[in-house]
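Here is what each chain is made of, one letter per residue.
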Amino acid sequence: MEGILEVIEITRMVKGKLEGDDALRGVRVRGELSNFRVHTSGHTYFTLKDQFSALRCVMFRSRRAYLSLLCRDGDAVVATGSLGVYERDGAYQLYVEALELDGAGAIKEEYERLKARLEAEGLFHSSRKRPLPMLPRKVGVATSPTSAALRDIISVARRRYPNCHLVLAPVQVQGDSAPASIHRALVSLNQVDGVDVIIVGRGGGSQEDLGAFDSEEVARAVFSSRVPVISAVGHQTDTTLADLVADARAPTPSAAAEMALPEKAHLLSGLGGLKRRLAMALERRRSLLRGRWEGLARSPALSRPMDRINQRRQQLDDLSTRMERAMVNLLGRKTSRSSEMAARLQALSPLAVLARGYSITLLEPGRRLLGSVSQASAGDGVAVVLRDGEVHCEVIEVIPKKEKGVDGH
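Residues numbered from 1 in each chain as written. Predicted model: local features only at pLDDT ≥ 70, side-chain atom pairs only at ≥ 80, totals over all residues. Heavy atoms only, no water.

Topic: the sheet that holds strand S13 (residues 381-386)
Working definition: the strands of a sheet are paired by backbone hydrogen bonds and lie parallel or antiparallel to each other. With antiparallel pairing, four strands are arranged side by side in an open sheet as S12-S11-S13-S14. Of all strands in the sheet, those bounded by a partner on one side alone are strand S12 (368-369) and strand S14 (389-394). Of the pairings in the sheet, the one linking strand S11 (residues 360-363) to S13 comprises four bridges and is antiparallel in character. Its bridge partner being in S13, Ile 360 is matched across the sheet by Val 385. (Pairing = 2+ DSSP bridges. Helix = DSSP H or I, 4+ residues; strand = E, 2+ residues; numbered from the N terminus.)

Take a look at the structure:
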């Protein structure tokens, strides 16, 4: 049909316009190196980027032979070349003829400053990283709803543990609005009841495609999550800030799903082993208790309970007899002791002395015992107590007993 062009025709028209424009020949472009790689063919492929855009570049082996620079991602460079179109992809790119360093990359410097600041605040410290739950009830997923990453996670979940629920929070994974989108998704998943772990990430991409996961907003959202977070930013050679903050890092979304979900077959196998161990333990316990019961059943206490009672009765009789004997012996000893003490008291009694013809003299008044002549004076009244009464007298004279002399007179 007339007026309808093929895709290749449009591509070649654009290519002709670009390559025919003298202003786009020998241009010098300043930018930061990204995805710098050397193919086995010897050709070099990389991307030049700044804060606003990215430009694909290729440097053929014939031109790279004159390159003495040791380039790496993050270097700020100035590339000299011409714009053209790669027909297969319909993408424009810079065919680089010369490459020179242009100082440190601004984007890389900003990244390093942010990384150092977050590290100083403790966002990367291993002590705050939480273990993943063994058997999560729900797994939150923050990724693009149309991505291969989501399909991989669903596939792994169905294969490993189909009982688990996946809760999707759709996000933009690249572009200027991606960090805020990921932040909102993490906050939303934290509010879902039963979510025990969250997977956040995307599939592979260039370094600039992964920029959202190097943002401060996403790093702090991961840090603020109340449940463990697995970072699954796939196929990158460098570590993103989200990887450093997350409780666990997976190389791909599929690997993240395997980390988050146990394998049901393995769990069932483990439960089967536990069930067998429990049955064996119960059988051993039952056998032990049965042996004890049979031993008790054969014991005299249960087989002939009256034997023990009769023995106790006989022991009680023996103890009663022994107690009676002991009481009789004790009473006899006490009676004998009492008689002995009574006899001794009788011998010491003043009445017994009087009965033998002696008397007791008491000094009046007061009836004090008169035991010495020094206690009495002439004219004092005394009472002489005899066996059968008293005699009241008056002291006429006190005659002290004379002491013997040296010669005995």
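Focus on the sheet that holds strand S6 (residues 138-143)
With respect to topology, five strands assemble into an open sheet ordered S7-S6-S8-S9-S10, the strand pairing being parallel. Here the strands that pair on one side only, and so sit at the sheet edges, are strand S7 (165-170) and strand S10 (248-249). Of the strand pairs in this sheet, S6 and S7 are connected by six bridges, and their pairing is parallel. When the bridges of S7 are listed, Lys 138 appears paired with His 165. Sheet contacts for helix H5 (residues 178-190): S6, S7 and strand S8 (195-202); angle to S8, the most-contacted strand, approximately 165°. (Contact = heavy atoms within 4.5 Å. Axes fitted to C-alpha atoms, helices over the stretch in contact; angles between N-to-C directions.)

Structural notes on the packing of H5 against helix H6 (residues 216-224)
Two elements in contact, H5 and H6, have axes whose closest approach is 8 Å; the angle formed by their N-to-C orientations is 10°. Our classification of the angle between H5 and H6 gives roughly parallel. Of H6, the residues touching H5 (which contributes Pro 179, Ala 180, Ile 182, His 183 and Leu 186) are Glu 217, Val 218, Ala 221 and Val 222. (Parallel < 35°, antiparallel > 145°, perpendicular 65-115°, else oblique.)

Things to note about a nonpolar patch on the surface
Residues Leu 5, Ile 10, Met 13 and Val 14 make up a contiguous nonpolar surface patch of about 360 Å² in total accessible area. By the element assignment, Val 14 lies in helix H1 (residues 7-19). (Patch = residues over 30% accessible without salt bridge, like charges linked within 9 Å, V, L, I, M, F, W, Y side chains within 5 Å. Areas by Shrake-Rupley, 256 points an atom, 1.4 Å probe, with all protein chains shown as cover. Salt bridge = Lys/Arg side-chain N within 4 Å of Asp/Glu carboxyl O.)

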